[in-house]
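Each chain, written out:
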Amino acid sequence: AQKITQTQPGMFVQEKEAVTLDCTYDTSDPSYGLFWYKQPSSGEMIFLIYQGSYDQQNATEGRYSLNFQKARKSANLVISASQLGDSAMYFCAMREGRHTGNQFYFGTGTSLTVIP
Amino acid sequence: GAVVSQHPSWVICKSGTSVKIECRSLDFQATTMFWYRQFPKQSLMLMATSNEGSKATYEQGVEKDKFLINHASLTLSTLTVTSAHPEDSSFYICSARVPSGSSYEQYFGPGTRLTVT
């Protein structure tokens, strides 16, 4: 089974609107971390936001927030007030276990296009 | 913040030659580094986990004799693609495990685009 599932290959959003990128995960480990990365056309992986499995509150970082629904095993990324520079690939990732050296599992990504 | 560099950023080589890609952690020591491969419009696939001073752990299906990994110091890991073929053309990304206490956990390098002609 896929560890990380991103069901939206491509998304479009109007500039200044909010957009939600979906991510579901699969693990039986009670301890895990969830990450979102942005990959522009240059290829670099830009860290956006992190949610720990024991965190009680949803993570927020500026215009990014993570809608963490543990029972549903979902970790959707919400981008508010979209900007043209937000156009990029977005990857959801998970690290299982407590050890921060454990490998990351990546989803297949969502290509976001912000329309002026 | 922590920075991970990769060199070269892009390389073109002829089929049959070997190519070495370097991954450096610039301002922190990384006992663990990871090497990923990414085909166009696809996700990152972990190739191997590189631990300083020991042999790399390769993922299933990755030929260790073809993709040689050396993590000789706490700030440098190298990936050598031996006897490269056109199907090895890809985007190779490394990441370095950040010392504990950071939510980042891994810092990614900017990637190396390899084209084998």
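See the structure above.
Keep in mind that this is a model prediction, so the values were computed, not measured. (Residues numbered from 1 in each chain as written. Chains lettered and ligands numbered in written order. Predicted model: local features only at pLDDT ≥ 70, side-chain atom pairs only at ≥ 80, totals over all residues. Heavy atoms only, no water.)

## Things to note about the environment of Asp27(B)
Residue and element names in this part refer to chain B. Selection criterion: Labels follow the DSSP assignment, with helices taken as runs of H or I lasting at least four residues and strands as runs of E lasting at least two, numbered in each case from the N terminus. Between buried and exposed lies partly exposed: a residue is buried under 20% and exposed over 50% of the maximum accessible area for its type, with that area taken using a 1.4 Å probe on protein chains only. Polar contact is defined as a pair of N or O atoms within 3.5 Å, subject to the rule that within protein one atom must be able to donate a hydrogen and the other to accept it, and that residues adjacent in sequence are counted only when both atoms are side-chain atoms.
Turning to its location among the elements, Asp 27 is positioned in the loop between β3 (19–25) and β4 (32–38). Judged by its relative accessible area of 48%, Asp 27 is partly exposed. It is 31 Å that separates the C-alpha atoms of Asp 27 and Asp 88, two residues lying 61 residues apart in sequence. At 3.3 Å, the side chain of Asp 27 forms a polar contact with the backbone nitrogen of Val 3.

## Thoughts on the side chain of Asn76(A)
For clarity, the cut-off: Contacts: residue pairs with any heavy atoms within 4.5 Å of one another.
Position of Asn76(A) relative to the elements: it lies in strand β9 (residues 74–79). If near-sequence neighbours (up to four positions away) are discounted, Asn76(A) is found in contact with Thr20(A), Leu21(A), Asp22(A), Cys23(A), Trp36(A), Ser65(A), Leu66(A) and Asn67(A).

## With respect to the interface of chain B and chain A
When the parts of a complex come together, some accessible area is lost, and that lost area is often taken as the interface size. Here is the rule: Summed over both partners, the accessible surface that disappears when two parts come together, traced with a 1.4 Å probe, is what is meant by buried area. One speaks of a salt bridge when a side-chain nitrogen belonging to Lys or Arg is within 4 Å of a carboxyl oxygen belonging to Asp or Glu.
Listed as interface residues are 19 residues of chain B and, on the opposing side, 21 residues of chain A. When chain B packs against chain A, close to 1600 Å² is buried across both sides, 55% of that on carbon and sulfur atoms. Among the residues chain B hides against chain A, the three largest losses belong to Arg97(B), Glu105(B) and Phe108(B). Together they make up 30% of the total. Scanning the region where chain B abuts chain A turns up 0 salt bridges. Scanning the region where chain B abuts chain A turns up 2 residue pairs in polar contact (both at pLDDT 80 or more). Those elements giving two or more residues to the side of chain B that touches chain A turn out to be β4, β5 (44–51), β9 (90–97) and β10 (106–108) of chain B.

## A look at the state of the cysteines
Going by this rule: Two cysteine sulfurs form a disulfide in these notes if their separation is within 2.5 Å.
As enumerated under the stated definition, the model contains 2 disulfides over all chains in all. Here Cys23(A) pairs with Cys92(A) through a disulfide, and the sulfurs are 2.0 Å apart. In this structure, the disulfide formed by Cys23(A) and Cys92(A) twists by about -60° around the S-S bond and is classed as left-handed. Linking Cys23(A) in the loop between β3 (19–21) and β4 (24–25) with Cys92(A) in strand β10 (residues 88–96), this pair joins segments that are 69 residues apart in sequence. Disulfide partner of Cys23(B): Cys94(B), at an S-S distance of 2.0 Å. For the disulfide bridge between Cys23(B) and Cys94(B), the dihedral angle about the S-S bond is near 80°, and by the sign convention the bridge is right-handed. One end of the pair, Cys23(B), is in strand β3; the other, Cys94(B), is in strand β9, with 71 residues separating them in the sequence. Each member of the pair Cys23(B) and Cys94(B) is classed as buried.

## Details of the nonpolar core
Stated precisely, the cut-off is as follows: Buried residues of nine kinds, namely Ala, Val, Leu, Ile, Met, Phe, Trp, Tyr and Cys, make up a nonpolar core once their side-chain atoms join them within 4.5 Å.
Counting residues in each nonpolar core, the largest one holds 25 residues, and the members touching the most others are Val4(B), Trp35(B), Leu79(B), Tyr92(B) and Leu114(B). Mapped onto this core, the elements with two or more residues apiece are β2 (10–13), β3, β4, β5, β7 (67–73), β8 (76–81), β9 and β11 (112–116) of chain B. In this structure, Val4(B) is in contact with Cys23(B), Arg24(B), Phe28(B), Cys94(B), Ala96(B), Tyr107(B), Phe108(B), Gly109(B) and Pro110(B), ignoring residues within four places of it in sequence. Counting residues in each nonpolar core, the second largest holds 24 residues, with Leu34(A), Ile49(A), Leu66(A) and Ala88(A) among its members.

## Section: the packing of aromatic side chains
Just so we agree on the cut-off: Ring geometry is summarised as follows: Phe, Tyr and Trp rings, the Trp one being its six-membered ring, pair when their centres sit within 6.5 Å, and such pairs are stacked at plane angles under 30 degrees, edge-to-face over 60 and tilted between the two. The rule is short: NZ of Lys or CZ of Arg within 6 Å of the ring centre and within 35 degrees of the ring normal puts a charge over the ring.
For the structure shown, the criterion picks out 15 aromatic pairs over all chains. Ring centres of Tyr25(A) and Tyr32(A) lie 5.1 Å apart, and the angle between their planes is 50°; this geometry places the pair in the tilted category. Their ring planes at 45° and their centres at 6.4 Å tell us that Phe67(B) and Tyr92(B) sit as a pair that is tilted. Taken as a pair, Phe67(B) in strand β7 and Tyr92(B) in strand β9 lie far apart in primary sequence, 25 residues in all. Its relative accessible area of 5% is what places Phe67(B) among the buried residues. Residue Tyr92(B) is classed as buried on the basis of its relative accessible area, which comes to 0%. Cluster of aromatic residues (ring-pair linked, three or more members): Phe35(A), Tyr37(A), Phe47(A), Tyr50(A), Phe104(A), Phe106(A), Tyr36(B) and Phe108(B). Over the face of the ring belonging to Tyr105(A) we find Lys3(A), whose NZ or CZ atom lies 5.4 Å from the ring centre. Over the ring of Tyr64(A) we find Arg63(A), and its NZ or CZ is 5.7 Å from the ring centre.

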